[in-house]
Amino acid sequence: MGPDKTILLFDDFERDEPAPDKEMVGNGWETDSKGRAGGKKQVDLDNGALHVTLAAAADRVVSVWHDPAYSNVLVELRFQLAEGSDLAVHFADMRR
Ligand SMILES: [Ca+2]
Ligand SMILES: [Ca+2]
């Protein structure tokens, strides 16, 4: 990280939901579980990580997103994948 760079978004997920059965990631994160999984909890904060699990009721993969204000960014992500799991990371300009 050089002196001309500013952190726009950092999240270590070192927190838990205010209600354990609610999908409340917080810190500006949003998910599509309400519309795509009948409100079943698919995203859980636990042990300093964001856990994503596809609900049986879901009609598509789980989306988790954050909308910071930026125009030029460097992205660094860390994942821990279960054996045989799939991961896709998409960057989309939703304004177009
Ligand atoms: Ca939790
Ligand atoms: Ca963490």
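Right above here is the structure, for reference.
Residues numbered from 1 in each chain as written. Chains lettered and ligands numbered in written order. Predicted model: local features only at pLDDT ≥ 70, side-chain atom pairs only at ≥ 80, totals over all residues.

**Q** Can you lay out the overall build of the protein chain for me, pointing to particular residues and giving the numbers?
**A** Check the secondary structure of the protein chain and you find one helix and four strands. Order of helices (α) and strands (β) in the protein chain, N terminus to C terminus: β-α-β-β-β. Expressed as lengths along the three principal axes of its C-alpha atoms, the size of the protein chain is roughly 45 × 35 × 30 Å. With 96 residues in all, the protein chain has 6% of them scored as buried. By sequence separation, contacts in the protein chain at least 24 residues apart represent 36% of the contacts at least 6 residues apart. (Helix = DSSP H or I, 4+ residues; strand = E, 2+ residues; numbered from the N terminus. Buried ≥ 20, exposed ≤ 12 C-beta atoms within 10 Å, placed from the backbone. Contact = placed C-beta atoms within 7 Å.)

**Q** Quick rundown of unusual backbone geometry? Include the residues and the values.
**A** Despite not being glycine, Asn-27 has its phi angle at roughly 55°, a positive value. Here Asn-27 is to be found in the segment before β1 (29-31). With a phi angle near 50°, Asn-47 is a residue other than glycine that sits in the positive phi range. Note on placement: Asn-47 falls in the loop between β2 (43-46) and β3 (49-52). Here Asn-47 falls in the exposed class, since 9 other C-beta atoms lie within 10 Å of it.

**Q** Tell me about the pairing of β3, and please be specific about residues and values.
**A** As paired strands, β2 and β3 are joined by four bridges and run antiparallel to one another. What sits directly across from Val-43, in β3, is Val-52. Hairpin connection from β2 to β3: two residues lie between these consecutive antiparallel strands, with Asn-47 at a positive phi of about 50°. (Pairing = 2+ DSSP bridges.)

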